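The chain contents come next:
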Amino acid sequence: MNYIEIFNNYNGEVLEIELVKDFIDFCVEKLNLKNVMFNVIIVDNETIRDINKEYRGIDRKTDVISFALEDDKSFDDDISVRVLGDIYISYDKVLEQAKEYGHSVKREICFLAIHGLLHLLGFDHMNKDDEEKMFKIQKEMLLEYGIKKES
(Lines give C-alpha, C1' and ligand atoms only; values in the text may rest on other atoms or scores of the structure.)
Protein backbone atom coordinates (compact mmCIF):
# COMPACT_ATOMS: atom_id res chain seq x y z
CA MET A 1 0.00 0.00 0.00
CA ASN A 2 1.23 3.49 -0.86
CA TYR A 3 0.78 6.55 1.34
CA ILE A 4 0.76 9.70 -0.73
CA GLU A 5 -0.60 13.00 0.54
CA ILE A 6 -1.15 16.19 -1.43
CA PHE A 7 -1.31 19.39 0.63
CA ASN A 8 -2.50 22.79 -0.53
CA ASN A 9 -0.42 25.27 1.46
CA TYR A 10 -0.88 27.86 -1.28
CA ASN A 11 -2.53 31.15 -0.36
CA GLY A 12 -5.47 30.41 -2.66
CA GLU A 13 -7.36 27.71 -4.47
CA VAL A 14 -5.45 25.14 -6.53
CA LEU A 15 -7.92 23.64 -8.98
CA GLU A 16 -5.50 20.90 -10.02
CA ILE A 17 -5.13 19.21 -6.59
CA GLU A 18 -7.17 16.14 -7.58
CA LEU A 19 -5.40 15.99 -10.94
CA VAL A 20 -2.00 15.96 -9.21
CA LYS A 21 -3.15 13.17 -6.90
CA ASP A 22 -4.46 11.10 -9.82
CA PHE A 23 -1.33 11.73 -11.91
CA ILE A 24 1.02 10.84 -9.04
CA ASP A 25 -0.95 7.64 -8.37
CA PHE A 26 -0.65 6.82 -12.09
CA CYS A 27 3.12 7.42 -12.06
CA VAL A 28 3.64 5.38 -8.89
CA GLU A 29 1.81 2.46 -10.51
CA LYS A 30 3.70 2.81 -13.82
CA LEU A 31 7.03 2.98 -11.98
CA ASN A 32 5.97 -0.15 -10.08
CA LEU A 33 6.52 1.47 -6.70
CA LYS A 34 5.17 -0.47 -3.75
CA ASN A 35 4.88 0.56 -0.13
CA VAL A 36 6.10 4.12 -0.59
CA MET A 37 5.24 7.20 1.41
CA PHE A 38 5.74 10.81 0.34
CA ASN A 39 4.06 14.19 0.30
CA VAL A 40 3.45 16.80 -2.38
CA ILE A 41 3.06 20.26 -0.90
CA ILE A 42 1.77 23.12 -3.06
CA VAL A 43 3.15 26.49 -1.88
CA ASP A 44 3.64 30.05 -3.12
CA ASN A 45 6.79 31.73 -4.42
CA GLU A 46 7.64 33.32 -1.07
CA THR A 47 7.52 29.97 0.74
CA ILE A 48 9.58 28.11 -1.84
CA ARG A 49 12.13 30.93 -1.86
CA ASP A 50 12.45 30.65 1.93
CA ILE A 51 12.87 26.86 1.66
CA ASN A 52 15.43 27.24 -1.13
CA LYS A 53 17.41 29.78 0.90
CA GLU A 54 17.30 27.82 4.16
CA TYR A 55 18.07 24.34 2.85
CA ARG A 56 20.02 24.96 -0.34
CA GLY A 57 21.62 28.35 0.39
CA ILE A 58 20.06 29.78 -2.79
CA ASP A 59 18.12 33.01 -2.22
CA ARG A 60 15.64 32.82 -5.10
CA LYS A 61 12.32 31.28 -5.96
CA THR A 62 12.22 28.02 -7.89
CA ASP A 63 9.53 25.75 -9.29
CA VAL A 64 10.09 22.47 -7.43
CA ILE A 65 12.26 21.24 -4.57
CA SER A 66 12.48 17.62 -3.44
CA PHE A 67 13.74 16.44 -0.08
CA ALA A 68 14.72 12.82 -0.62
CA LEU A 69 15.00 11.00 2.68
CA GLU A 70 16.73 8.02 1.11
CA ASP A 71 19.69 10.31 0.34
CA ASP A 72 20.34 10.29 4.09
CA LYS A 73 22.66 7.34 4.69
CA SER A 74 21.43 7.01 8.28
CA PHE A 75 18.01 6.09 6.88
CA ASP A 76 16.87 2.63 8.02
CA ASP A 77 16.40 0.36 4.98
CA ASP A 78 14.88 -2.42 7.06
CA ILE A 79 11.29 -1.21 7.11
CA SER A 80 8.18 -2.24 5.25
CA VAL A 81 7.39 1.24 3.87
CA ARG A 82 9.88 3.38 1.95
CA VAL A 83 9.56 6.93 3.23
CA LEU A 84 10.71 8.85 0.16
CA GLY A 85 10.37 12.44 1.38
CA ASP A 86 8.62 15.62 0.32
CA ILE A 87 8.08 17.48 -2.94
CA TYR A 88 7.40 21.23 -2.76
CA ILE A 89 5.86 22.85 -5.85
CA SER A 90 5.41 26.60 -6.25
CA TYR A 91 1.96 27.17 -7.73
CA ASP A 92 2.96 30.73 -8.62
CA LYS A 93 5.78 29.27 -10.73
CA VAL A 94 3.38 26.72 -12.24
CA LEU A 95 1.17 29.58 -13.45
CA GLU A 96 4.13 31.67 -14.68
CA GLN A 97 5.85 28.81 -16.49
CA ALA A 98 2.68 27.47 -18.12
CA LYS A 99 2.18 30.90 -19.67
CA GLU A 100 5.88 31.31 -20.53
CA TYR A 101 6.16 27.88 -22.18
CA GLY A 102 2.79 28.12 -23.91
CA HIS A 103 1.13 25.10 -22.38
CA SER A 104 -1.53 24.38 -19.80
CA VAL A 105 -1.35 24.67 -16.03
CA LYS A 106 -2.31 20.98 -16.01
CA ARG A 107 0.78 20.04 -18.00
CA GLU A 108 3.12 22.23 -15.95
CA ILE A 109 1.98 21.02 -12.53
CA CYS A 110 2.11 17.37 -13.64
CA PHE A 111 5.58 17.88 -15.14
CA LEU A 112 6.85 19.33 -11.86
CA ALA A 113 5.19 16.54 -9.87
CA ILE A 114 6.89 13.74 -11.83
CA HIS A 115 10.16 15.70 -11.85
CA GLY A 116 10.02 15.94 -8.07
CA LEU A 117 9.08 12.28 -7.68
CA LEU A 118 12.00 11.16 -9.82
CA HIS A 119 14.33 13.24 -7.64
CA LEU A 120 12.94 11.42 -4.59
CA LEU A 121 13.81 8.16 -6.34
CA GLY A 122 17.41 9.24 -6.86
CA PHE A 123 17.26 10.55 -10.43
CA ASP A 124 19.14 13.71 -11.25
CA HIS A 125 20.12 15.85 -14.21
CA MET A 126 23.63 16.91 -13.28
CA ASN A 127 25.15 15.40 -16.43
CA LYS A 128 23.86 14.78 -19.96
CA ASP A 129 23.29 11.00 -19.61
CA ASP A 130 21.39 11.35 -16.32
CA GLU A 131 19.35 14.22 -17.71
CA GLU A 132 18.37 12.20 -20.78
CA LYS A 133 17.24 9.25 -18.62
CA MET A 134 15.23 11.45 -16.27
CA PHE A 135 13.60 13.53 -18.98
CA LYS A 136 12.73 10.43 -21.01
CA ILE A 137 10.79 9.00 -18.06
CA GLN A 138 9.06 12.34 -17.43
CA LYS A 139 7.99 12.58 -21.06
CA GLU A 140 6.74 8.97 -21.11
CA MET A 141 4.71 9.46 -17.92
CA LEU A 142 3.07 12.63 -19.24
CA LEU A 143 2.28 11.10 -22.64
CA GLU A 144 0.93 7.84 -21.21
CA TYR A 145 -1.31 9.86 -18.91
CA GLY A 146 -2.54 11.80 -21.94
CA ILE A 147 -0.74 15.09 -21.41
CA LYS A 148 0.95 16.49 -24.49
CA LYS A 149 3.27 19.48 -24.64
CA GLU A 150 0.42 21.78 -25.59
CA SER A 151 -2.06 20.23 -23.13
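### Observations regarding the sheet that holds strand β4 (residues 82–90)
Strand pairing within a sheet occurs via backbone hydrogen bonds; the two strands may be parallel or antiparallel. With mixed pairing, four strands are arranged side by side in an open sheet as β1-β2-β4-β3. Looking at strand neighbours, the two that pair on one side only are β1 (3–8) and β3 (64–68), the edges of this open sheet. This sheet shows a mean twist of 10° between the axes of neighbouring strands, independent of strand direction. In the sheet, strand β2 (residues 36–43) pairs with β4 via eight bridges, with the strands oriented parallel. What sits directly across from V40, in β4, is I87. Strand contacts of helix α1 (residues 17–30): β1 and β2, with the helix running at about 155° to β1, the strand carrying the most contacts. Of the strands in this sheet, β2, β3 and β4 touch helix α2 (residues 45–56), which is tilted by about 45° from β3.

### Comments concerning the pairing of β1
Across six bridges, β1 lies against β2 in parallel orientation. Of the residues in β2, the one forming a bridge with I4 is F38. Crossover β1 to β2 through α1 is left-handed.

### Digging into the layout of surface pockets
The volume enclosed by the largest pocket comes to roughly 550 Å³. Lining the largest pocket are 23 residues, and of these R56, V64, H115, H119 and H125 lie nearest its centre. For the lining of the largest pocket, the secondary structure elements donating two or more residues are α2, β3 and α4 (105–120). When residues of the lining of the largest pocket are assigned to their parent elements, the largest contribution, five residues, is made by β3.

Cut-off values and rules
- Residues numbered from 1 in each chain as written.
- Predicted model: local features only at pLDDT ≥ 70, side-chain atom pairs only at ≥ 80, totals over all residues.
- Heavy atoms only, no water.
- Pairing = 2+ DSSP bridges.
- Helix = DSSP H or I, 4+ residues; strand = E, 2+ residues; numbered from the N terminus.
- Axes fitted to C-alpha atoms, helices over the stretch in contact; angles between N-to-C directions.
- Contact = heavy atoms within 4.5 Å.
- Right-handed = clockwise from strand over helix to strand, strands pointing away.
- 1 Å grid on protein atoms, 1.4 Å probe; cavity = no way out; pocket = protein on both sides within 12 Å on 5 of 7 lines; lining within 4 Å.
- Points joined across faces, edges and corners; volume = space filled by probe spheres on them.

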